[in-house]
Amino acid sequence: MELPDFQKYKDRFSDSGFLEKIGRIAKRAGVKLVYTALLLYYTLGSDKISIKDKAVIIGALGYLISPLDVIPDAIPIAGLGDDLTVLVYVLGKIWTSVDDDVKAKAKAKLLQWFEEEETDGLDDMLFKDTPESNPV
């Protein structure tokens, strides 16, 4: 397999451009993690999920706030990757129980902490129109 010619992209690279792009990625990852956690948190109050699912949600949220992690949170970007993975996995398991009220509560709380433009597109990233679809 032949590698692409990366030299053709050298004119598109700059230190400021790179740092700006990484900053946007970090913010998106942060928004996605917080939104996913809020969806799980507000779903706990729903009577549509079983006690077993509530226990799984509590375990995932507990993992998020626990100081003990597979990858320590102090490691930039990667440190929260394991937390996000756990949250998204659990959200996928209970996805059919996440109703519009839960989504609205989570979005409203998220907008207290993040700018609206930072939250644009979250619904597209997490929500699919078909019930059998899972989040990202």
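All of these numbers come straight from a predicted model, not from anything done at the bench. (Residues numbered from 1 in each chain as written. Predicted model: local features only at pLDDT ≥ 70, side-chain atom pairs only at ≥ 80, totals over all residues. Heavy atoms only, no water.)

A few points about the overall build of the protein chain
At step 1: Across its full length, the protein chain carries 6 helices and 0 strands.
At step 2: Starting at the N terminus and ending at the C terminus, the protein chain contains elements arranged as α-α-α-α-α-α.
At step 3: Out of the 136 residues in the protein chain, the part that is buried amounts to 31%.
At step 4: Contacts in the protein chain between residues far apart in sequence, at least 24 positions, make up 69% of those at least 6 positions apart.
At step 5: In the structure as shown, the protein chain presents an accessible area of about 9,200 Å², 60% of it carried by carbon and sulfur atoms. (Helix = DSSP H or I, 4+ residues; strand = E, 2+ residues; numbered from the N terminus. Buried < 20%, exposed > 50% of the residue type's maximum accessible area, 1.4 Å probe, protein only. Contact = heavy atoms within 4.5 Å. Areas by Shrake-Rupley, 256 points an atom, 1.4 Å probe, with all protein chains shown as cover.)

Focus on the environment of L33
At step 1: Here L33 lies in helix α1 (residues 15–43).
At step 2: Look at L33 and you get buried, because its relative accessible area is 10%.
At step 3: The contact partners of L33, leaving out residues within four places of it in the chain, are L64, L80, D83, L84 and L87.

Points about the packing of aromatic side chains
At step 1: By the definition in use, this model includes 1 aromatic pair.
At step 2: Judged by centre distance (5.2 Å) and plane angle (70°), the rings of Y41 and Y42 are edge-to-face. (Phe/Tyr/Trp six-rings, centres within 6.5 Å; stacked < 30°, edge-to-face > 60°.)

Focus on a negative patch on the surface
At step 1: Together, E115, E116, E117 and D120 line one region of the surface with negative charge.
At step 2: Tracing the chain through its elements places E116 in helix α5 (residues 116–119).
At step 3: For E116, a relative accessible area of 53% corresponds to the exposed category. (Patch = residues over 30% accessible without salt bridge, like charges linked within 9 Å, V, L, I, M, F, W, Y side chains within 5 Å. Salt bridge = Lys/Arg side-chain N within 4 Å of Asp/Glu carboxyl O. Lys, Arg positive; Asp, Glu negative; His and termini not counted. Charge placed at Lys NZ, Arg CZ, Asp CG, Glu CD.)

Points about the nonpolar core
At step 1: Core analysis: the largest hydrophobic core is formed by 25 residues, its most contacted members being L39, L40, I57, L87, L91, V98 and L110.
At step 2: Among the elements that line this core, the one with the most residues is α1, at 7 residues.
At step 3: Apart from residues no more than four positions distant in its own chain, L40 is found in contact with I57, L61, L87, V90, L91 and I94. (Core = buried A, V, L, I, M, F, W, Y, C linked by side-chain atoms within 4.5 Å.)

A few points about the environment of A104
At step 1: Turning to its location among the elements, A104 is positioned in helix α4 (residues 100–113).
At step 2: A residue is classified by how much of its surface remains accessible, and A104, at 45% relative accessible area, is partly exposed.
At step 3: Taking C-alpha positions, A104 is 9.8 Å from Y42, a pair spaced 62 residues apart along the chain.

A look at the confidence of the model for the protein chain
At step 1: Confidence along the protein chain averages 78 in pLDDT terms, with 65% of residues attaining 70 or more.
At step 2: Between the elements of the protein chain, mean pLDDT differs from a low of 70, seen in helix α6 (residues 122–126), to a high of 91, seen in helix α2 (residues 51–65). (pLDDT = per-residue confidence, 0-100.)

Things to note about the pattern of salt bridges
At step 1: Across all of its chains, the model carries 3 salt bridges by this definition.
At step 2: D99 serves as the salt-bridge partner of K48, at 3.4 Å between the closest nitrogen and oxygen. Remark: D99 occurs in the loop between α3 (81–94) and α4 and K48 occurs in the loop between α1 and α2; sequence separation between them is 51 residues.
At step 3: Judged by relative accessible area, D99 falls into the partly exposed class, the value being 22%.

Notes on α2
Owing to its 3.6 residues per turn, the α-helix aligns residues three or four sequence positions apart on the same side.
At step 1: The first and last C-alpha atoms of α2 sit 21 Å apart over 15 residues, in line with the 21 Å expected at 1.5 Å per residue.
At step 2: Listed in full, the buried residues belonging to α2 are I57, A60, L61, Y63 and L64. Axial view of α2: buried residues confined to an arc of 155°, hence all on one face. Residues of α2 that are exposed and point over 90 degrees away from its buried face: I51, K52, I58 and I65. (Expected span 1.5 Å × (residues − 1). Arc of directions from axis to C-beta.)

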